[in-house]
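One letter stands for each residue in the lines below.
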Amino acid sequence: MQELVKRLENTVEFLKEKLNQIPEIAIILGSGLGSLADLITDKVEIPYEIIPGFPVTTVAGHEGKLIAGNLRGKRVLAMKGRFHYYEGNEMDSVVYPIRVFKKLGIEKIIVTNAAGGVNKEFKPGDLMLITDHIGLFCENPLRGENPDELGPRFPDMTMAYDREVQKLALNCAEKAGIELKTGIYCYCKGPSYESPAEIRAIRVLGADAVGMSTVPEVIAARHMGMKILGISCITNMAAGILDQPLDHKEVMETGKMVERKFSGLVSEIVSCWG
Ligand code: HPA
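Here's a quick rundown of the structure. Remember, predicted model here, so these are calculated numbers, not experimental data. (Residues numbered from 1 in each chain as written. Predicted model: local features only at pLDDT ≥ 70, side-chain atom pairs only at ≥ 80, totals over all residues. Heavy atoms only, no water.)

**Things to note about the overall build of the protein chain**
Phase 1: Summing up its helical and strand segments, the protein chain has 6 helices and 9 strands in all.
Phase 2: Here the C-alpha radius of gyration of the protein chain, 18 Å, is about what a compact globule of 274 residues would show, namely 19 Å.
Phase 3: In terms of principal-axis extent, the alpha carbons of the protein chain reach across some 50 × 40 × 40 Å.
Phase 4: Across the 274 residues that make up the protein chain, the buried fraction comes to 53%.
Phase 5: Within the protein chain, counting contacts between residues at least 6 apart in sequence, those at least 24 apart form 83% of the total.
Phase 6: Accessible surface for the protein chain amounts to roughly 12500 Å². Of this, 50% is attributable to carbon and sulfur atoms. (Helix = DSSP H or I, 4+ residues; strand = E, 2+ residues; numbered from the N terminus. Rg over C-alpha atoms; globule rule 2.2 N^0.38 Å. Buried < 20%, exposed > 50% of the residue type's maximum accessible area, 1.4 Å probe, protein only. Contact = heavy atoms within 4.5 Å. Areas by Shrake-Rupley, 256 points an atom, 1.4 Å probe, with all protein chains shown as cover.)

**Digging into the pattern of salt bridges**
Phase 1: As enumerated under the stated definition, the model contains 10 salt bridges in all.
Phase 2: Three or more residues are tied together by salt bridges with common partners; here these are Lys123, Asp126, Glu179 and Lys181. (Salt bridge = Lys/Arg side-chain N within 4 Å of Asp/Glu carboxyl O.)

**Comments concerning the nonpolar core**
Phase 1: Ranked by size, the top nonpolar core spans 49 residues in total, and within it Leu15, Ile51, Phe54, Leu66, Phe101 and Ile109 carry the most contacts.
Phase 2: Of the residues forming this core, the biggest block, 8 residues, is contributed by helix H2 (residues 91-104).
Phase 3: In this view, Ile51 contacts Thr11, Phe14, Leu15, Ile46 and Leu66; residues no more than four positions away in its chain are not counted.
Phase 4: The next biggest cluster of nonpolar side chains, apart from the first, holds 30 residues, and it includes Leu127, Ala169, Cys172 and Cys233. (Core = buried A, V, L, I, M, F, W, Y, C linked by side-chain atoms within 4.5 Å.)

**Thoughts on the site of the ligand**
Phase 1: Taken together, Ala114, Ala115, Gly116, Tyr193, Glu194, Val210, Gly211, Met212, Thr235, Asn236, Leu246 and Val251 form the complete shell of residues around the ligand.
Phase 2: One of the backbone nitrogen or oxygen atoms of Gly116 is found 3.3 Å away from a nitrogen atom of the ligand.
Phase 3: Within the side chain of Asn236, one N or O atom sits 2.7 Å away from a nitrogen atom of the ligand.
Phase 4: When the free accessible area of the ligand is taken as 270 Å², the share hidden by the protein chains comes to 94%.
Phase 5: Among the elements of the structure, strand S5 (108-117), strand S8 (209-211) and strand S9 (227-237) are those that each provide at least two residues to the shell around the ligand.
Phase 6: For the shell around the ligand, a count of residues per class yields 7 nonpolar, 4 polar and 1 charged. (Near = heavy atom within 4 Å. Polar contact = N/O pair within 3.5 Å; in protein donor to acceptor, adjacent residues only side chain to side chain. Nonpolar A, V, L, I, M, F, W, Y, C, P; charged D, E, K, R; others polar.)

**Comments concerning the packing of aromatic side chains**
Phase 1: The tally for this structure, following the rule as stated, stands at 4 aromatic pairs.
Phase 2: Ring centres 5.3 Å apart and planes at 35° place the aromatic pair Tyr48 and Phe83 in the tilted group. Here Tyr48, found in the loop between strand S2 (41-47) and strand S3 (65-71), pairs with Phe83, found in the loop between strand S4 (74-80) and H2; they are 35 residues apart in sequence, far enough to count as distant.
Phase 3: Using a relative accessible area of 3% as the deciding quantity, one classes Tyr48 as buried.
Phase 4: According to the relative accessible area criterion, Phe83 is buried, its value standing at 1%. (Phe/Tyr/Trp six-rings, centres within 6.5 Å; stacked < 30°, edge-to-face > 60°.)

**Some thoughts on the packing of H2 against helix H5 (residues 215-223)**
Phase 1: The geometry of H2 relative to H5 is characterised by a closest axis approach of 9 Å and an angle of 50° between their N-to-C directions. Taken together, the axes of H2 and H5 lie oblique to each other. Handedness of the H2/H5 crossing: right-handed. Packed against H2, whose contacting residues are Met91, Val94, Val95, Ile98 and Arg99, the element H5 presents Pro216, Glu217, Ala220, Ala221 and His223 at the interface.
Phase 2: For the contact of H2 with H5, the per-class residue count stands at 7 nonpolar, 1 polar and 2 charged. (Axes fitted to C-alpha atoms, helices over the stretch in contact; angles between N-to-C directions. Parallel < 35°, antiparallel > 145°, perpendicular 65-115°, else oblique. Left-handed = near helix turned anticlockwise from the far one by under 90°.)

**Focus on a nonpolar patch on the surface**
Phase 1: Taken together, the side chains of Leu136, Phe137 and Leu205 define a hydrophobic patch exposed on the protein surface, amounting to about 310 Å² of accessible area.
Phase 2: Topologically, Phe137 is positioned in the loop between strand S6 (127-134) and helix H3 (163-175).
Phase 3: Phe137 sits in the partly exposed class, given a relative accessible area of 34%. (Patch = residues over 30% accessible without salt bridge, like charges linked within 9 Å, V, L, I, M, F, W, Y side chains within 5 Å.)

**Structural notes on the pairing of S4**
Phase 1: Where burial is concerned, most of S4 is hidden: 5 out of the 7 residues are buried.
Phase 2: For S3 and S4, the ladder comprises 7 bridges, and the chain directions are antiparallel. Each residue of the ladder has a partner; that of Ile67, found in S4, is Ala78.
Phase 3: Taken together, S3 and the strand that follows it, S4, pair antiparallel across an intervening segment of 2 residues, in which Arg72 is found at a positive phi of about 45°. (Pairing = 2+ DSSP bridges.)

Spelled out as structure tokens, the structure:
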């Protein structure tokens, strides 16, 4: 475990040299939010492969970089390309960047994702503020020895998603004239989409949206005491809700269509946060 702490220190030292200032807010750009990076000015781009200690993606064609800069007057550090569990990454790698962000001195994080709508009132293109999550199907990223430097052995998840920031996000959305739904995000491992029976079960459990990311990162961020805001882009109705198969192409297309709205909302929130 001391090995992990040493590795983190190494990564952080490198990034401190690369960055002029410590960012205030980290943003994980889910699919459908890539264009937020275009709104960042005075950019410093750091490809993952040159960062010591950073996990390496084995997935061909997956761009991975950190983008530091200014967004609406705030210093941000955006992560373009995340490490998914379904790609074969170990949980340690999935959450490594989060630990780096906190060790760098970043206290706030915005986590975004594409998700399937489980709540039948939702429609593709909706944005959903995550109020809580269901991570029962997720291997816990904190499993194993706990380095006390990172956080407690049994971290509380009662208020994983910061309530004040949720209010702020809803206010920002209203001001910007963007409808923002609220709901519970359920993690499923993927990479196959869920079956209709799984979606019915997940709905009974209380989920409004389903996706293959975010929960591990949120658990690691909360473990370290970060303030977290989560937003899902509902790219499709989850399996079995419509009488048609899911089509990954459609998921990507909806993501693209909503990109401007999504980027607009997130940048508005960034400008108001803190
Ligand atoms: N299920 C899981 N992950 C997803 C979905 C879905 O329907 N849509 C986008 N990501």
